[in-house]
Amino acid sequence: MVSPATICTFAVNLKKRKPISMEQKFCQSCGMPLTEEILGTNTDGSKNEEYCMYCYKDGAFTGNFTMEEMVEFCSQFVDEYNKHTGQSLSREQYKALLRQYYPHLKRWQDQK
Ligand SMILES: [Zn+2]
């Protein structure tokens, strides 16, 4: 089970690891790699292929975040990110990374 705490760690790790497989899909809200088990759900209960279950459930986003709020939310996991990558980013440096990454995701593209 992938906890929300690992979302951003994954997102940034995968961004740095190249090349990314073309088949790999990422949640278009938080950037987490999507697998069948963690897909979000549509109103009719079918799987949504673009968002994860933490961001999207029953046809709606689970939280009404702005991009900056999502950055803020995920920045609390900076220690986890540092642990995984062996880096020692400050929370502000980590937020700067997320701010570069998120505008590539569909959810944030009309929220600049
Ligand atoms: Zn997500």
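Cut-off values and rules
- Residues numbered from 1 in each chain as written.
- Predicted model: local features only at pLDDT ≥ 70, side-chain atom pairs only at ≥ 80, totals over all residues.
- Helix = DSSP H or I, 4+ residues; strand = E, 2+ residues; numbered from the N terminus.
- Buried ≥ 20, exposed ≤ 12 C-beta atoms within 10 Å, placed from the backbone.
- Contact = placed C-beta atoms within 7 Å.
- Core = buried A, V, L, I, M, F, W, Y, C linked by C-beta atoms within 7 Å.
- Pairing = 2+ DSSP bridges.
- Arc of directions from axis to C-beta.
- Axes fitted to C-alpha atoms, helices over the stretch in contact; angles between N-to-C directions.
- Parallel < 35°, antiparallel > 145°, perpendicular 65-115°, else oblique.
- Left-handed = near helix turned anticlockwise from the far one by under 90°.

A. Molecular detail of the overall build of the protein. Counting its regular elements, the protein contains four helices and four strands. Buried residues in the protein amount to 29% of all 112 residues. Summarising the internal contacts of the protein: among those between residues at least 6 apart in sequence, 46% fall at separations of at least 24.

B. Spotlight on the nonpolar core. Judged by nonpolar contacts, the single largest core of 20 residues is most densely connected at C27, C30, M32, C52, C55 and L98. Secondary structure elements with two or more residues in this core: β2 (47-52), α2 (67-75), α3 (78-85) and α4 (91-101).

C. Quick look at the pairing of β2. Of the pairings in the sheet, the one linking strand β1 (residues 39-41) to β2 comprises three bridges and is antiparallel in character. When the sheet's bridge partners are listed, T41 is paired in β2 with K47. Connecting the antiparallel pair β1 and β2 is a turn made up of five residues, with G45 showing a positive phi of about 90°.

D. Here's a closer look at α4. Among all positions in α4, only Y94, L97 and L98 are buried. The buried residues of α4 all sit within an arc of 95° when viewed along its axis, so they share a single face. When the buried face of α4 is taken as reference, the exposed residues oriented beyond 90 degrees from it are E92, Q93 and Q100.

E. The arrangement of unusual backbone geometry in detail. Even without being a glycine, D58 presents a positive backbone phi close to 50°. By C-beta crowding, D58 is classed as exposed, having 12 other C-beta atoms within 10 Å.

F. Structural detail: the packing of α2 against α4. As a packed pair, α2 and α4 sit with axes 9 Å apart at the nearest point and diverge in direction by 135°. Classed by the angle they form, the pair α2 and α4 counts as oblique. As α2 runs across α4, the sense of the crossing is right-handed. Contacts between α2 and α4 involve V71, C74 and S75 from the former and R91, Y94, K95, L98 and R99 from the latter.

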